[in-house]
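As a plain string of letters, each chain reads:
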Amino acid sequence: MSCIFCKIVNGEIPSSKVYEDDKVLAFNDINPVTPYHILVIPKKHYDSIIDIPEKEMEIIAHIHNVINKIANKEGFDKKGFRIINNCGEDGGQEVKHIHYHILAGKKLPLYEAEKK
Ligand code: 5GP
Ligand code: ZN
């Protein structure tokens, strides 16, 4: 049974696409917390960063390159943005298909963990 993001990749569930190539898909988060809240995922399913074998790690560099392209295209490259990858239970990962959140369009508060 495929996961919710695999269903978005294969079109079973609709999404608002921001970028697509043969390896990566980016789409708007259904529940945005910032003016721009985009999710970037590999089309191939991996549960989380922990499950990506070393020899397949180039997908992460590719995702970061795609994030740069999106930042330039959407115009938040100059003011900045935040990339978040939640991993596992303690990391607060709800969807078990690795994804990077791009948050942009407002000045972001510090993380909880960074607060003294
Ligand atoms: P996580 O907590 O796993 O890092 O983040 C999962 C994210 O996926 C959440 O921000 C949530 O709003 C988003 N999300 C969950 N289901 C869907 C969906 O069906 N479509 C879209 N576009 N986003 C989703
Ligand atoms: Zn999946």
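What counts as what
- Residues numbered from 1 in each chain as written.
- Chains lettered and ligands numbered in written order.
- Predicted model: local features only at pLDDT ≥ 70, side-chain atom pairs only at ≥ 80, totals over all residues.
- Heavy atoms only, no water.
- Near = heavy atom within 4 Å.
- Areas by Shrake-Rupley, 256 points an atom, 1.4 Å probe, with all protein chains shown as cover.
- Helix = DSSP H or I, 4+ residues; strand = E, 2+ residues; numbered from the N terminus.
- Nonpolar A, V, L, I, M, F, W, Y, C, P; charged D, E, K, R; others polar.
- Expected span 1.5 Å × (residues − 1).
- Buried < 20%, exposed > 50% of the residue type's maximum accessible area, 1.4 Å probe, protein only.
- Arc of directions from axis to C-beta.
- Contact = heavy atoms within 4.5 Å.
- Donors = N, O, S within 2.8 Å, 3.2 Å for Na, K, Ca; no water.
- Pairing = 2+ DSSP bridges.
- Axes fitted to C-alpha atoms, helices over the stretch in contact; angles between N-to-C directions.
- Core = buried A, V, L, I, M, F, W, Y, C linked by side-chain atoms within 4.5 Å.

**Re the site of ligand 1**
So, point 1. Taken together, 16 residues lie near ligand 1, and D29, N86, E94, H99 and H101 sit nearest.
So, point 2. Calculation on ligand 1 without its partners gives an accessible area of 530 Å², and the protein chains cover 84% of this total.
So, point 3. Tallying contributions element by element places helix α1 (residues 4-9) first for the shell around ligand 1, with three residues.
So, point 4. Residue composition of the shell around ligand 1, by class: seven nonpolar, seven polar and two charged.

**As for helix α2 (residues 58-74)**
So, point 1. Helix length check: α2 (17 residues) gives 24 Å between terminal C-alpha atoms against 24 Å at 1.5 Å per residue, within 8%.
So, point 2. All of the buried residues in α2 are I59, I60, I63, V66, I67, I70 and A71. Looking straight down α2, one finds that the buried residues subtend no more than 140° of arc, so they occupy a single side. The outward face of α2, more than 90 degrees from its buried face, is lined by the exposed residues E58, A61 and K73.
So, point 3. In this fold, the buried residues of α2 make contact with β1 (17-20), β2 (24-28), β3 (36-42), β4 (81-84) and β5 (100-104).
So, point 4. After α2 finishes, the residue G75 shows a positive phi value of roughly 90°.

**Description of the coordination of the zinc ion (ligand 2)**
So, point 1. Distances from the zinc ion (ligand 2) to its protein donors, C3 (SG), C6 (SG), H45 (ND1) and H97 (ND1), fall at 2.0 to 2.3 Å.
So, point 2. Taken in sequence order, the residues that donate to the zinc ion (ligand 2) follow the motif C-x2-C-x38-H-x51-H. A residue pair is termed long-range when its members are at least 10 positions apart, and C6 in helix α1 and H97 in the loop between α3 (88-91) and β5 qualify at 91 residues. We note that C6, like H97, is buried.

**Quick look at the sheet that holds β2**
So, point 1. Read across the sheet, five strands follow the order β1-β2-β3-β5-β4 without closing on themselves; strand pairing throughout is antiparallel. Every interior strand has two partners, whereas the edge strands, β1 and β4, have only one. Looking at each pair of strands side by side, their axes are set apart by 20° on average, direction ignored.
So, point 2. Here β1 runs beside β2; their pairing, made up of three bridges, is antiparallel. Paired with E20 across the bridge in β2 is L25.
So, point 3. The strands touched by α2 are β1, β2, β3, β4 and β5; relative to β3, the strand with the most contacts, the crossing angle is about 150°.

**Observations concerning the nonpolar core**
So, point 1. Counting 20 residues, the largest nonpolar core has I38, V40, I63 and I70 as the members making the most contacts within it.
So, point 2. Of all elements in the fold, only β1, β2, β3, α2 and β5 reach the threshold of two or more residues within this core.
So, point 3. Residue contributions to this core peak at seven residues, all from α2.
So, point 4. Aside from chain neighbours lying at most four places away, what touches I38 is V18, A26, F27, N28, D29, I70, E74, F76, Y100, H101 and I102.
So, point 5. Of all hydrophobic cores here, the second largest spans six residues; its members include F5, I8, L25 and F27.

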